[in-house]
Amino acid sequence: MIRSHIDGHLEGKLTLEELSKMFFVSKTQIFRMFKETYGIAPMQYFLQRKIDLAKHMLADSDMHISEIAEALSFTDAKHFSKTFKKYAGELPRNYRREAKSEKLKKAASGDKKS
C-alpha cells in the first residue's frame, strides 16, 4: 500500500512523517518494512521514481527543465538538476539531448526499412 501511495504521488512532495501518519505506523517501521520488501529506502524509491518520470518528461516533451522541476515539486531547477544527476548519472539537459538524438536515429533507421 505504501509503494502504491508513493507511485501515485510522484508529482508532489512526500515525507516519511507523512507516510507514518497516513498508514498509522512509525517512521522506523515504514523504513524497515519497505527496505526489507523492496531493497531500497522509501524516500530513495520516491526520488528514483520521480527521476524516472522526469526522464520521460525530458525525452517526450519540450517542457523547460525549470517547468519539469516545478511539475515534480522540486525546490527549483538547480535542486532538480543536482538530484537528477545523482540518480541518473548525468544532467537533465544532457539526458534530453541524448534521448532526442536516440529517437531521431530510431526514426531514421525506421524510415530506411520501409
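Keep in mind that what you see is a predicted model, and the values were worked out from it rather than measured.

Each value, and the rule that gives it
Residues numbered from 1 in each chain as written. Predicted model: local features only at pLDDT ≥ 70, side-chain atom pairs only at ≥ 80, totals over all residues. Heavy atoms only, no water. Core = buried A, V, L, I, M, F, W, Y, C linked by side-chain atoms within 4.5 Å. Buried < 20%, exposed > 50% of the residue type's maximum accessible area, 1.4 Å probe, protein only. Helix = DSSP H or I, 4+ residues; strand = E, 2+ residues; numbered from the N terminus. Contact = heavy atoms within 4.5 Å. Phe/Tyr/Trp six-rings, centres within 6.5 Å; stacked < 30°, edge-to-face > 60°.

> Could you give an account of the nonpolar core, with specific residues and numbers?
Ranked by size, the top nonpolar core spans twelve residues in total: I2, I6, L10, L14, L16, L19, F23, V25, I30, F34, Y45 and F46. Mapped by element, the contributors of at least two residues to this core are α1 (2-7), α2 (16-23), α3 (27-38) and α4 (42-60). Among the elements that make up this core, the one with the highest residue count is α2 (three residues). Here F46 is in contact with I6, H9, L10, G12, K13 and L14, once residues within four sequence places are set aside. Core analysis: the second largest hydrophobic core is formed by eleven residues, I51, A69, L72 and F74 among them.

> Residue-level account of the packing of aromatic side chains, with values.
Think of a pair of aromatic rings as described by two things: how far the centres are apart, and how the planes are tilted against each other in angle. Considering all chains together, one arrives at five aromatic pairs under this definition. Between F84 and Y95 the ring centres are 5.7 Å apart and the planes differ by 65°, which places this aromatic pair in the edge-to-face class. Taken as a pair, F84 in helix α6 (residues 77-88) and Y95 in helix α7 (residues 92-113) lie far apart in primary sequence, eleven residues in all. Its relative accessible area of 0% is what places F84 among the buried residues. Among the aromatic side chains, those forming a connected cluster through ring pairs are F74, F80, F84 and Y95.

Just distances and angles here, no functional claims.
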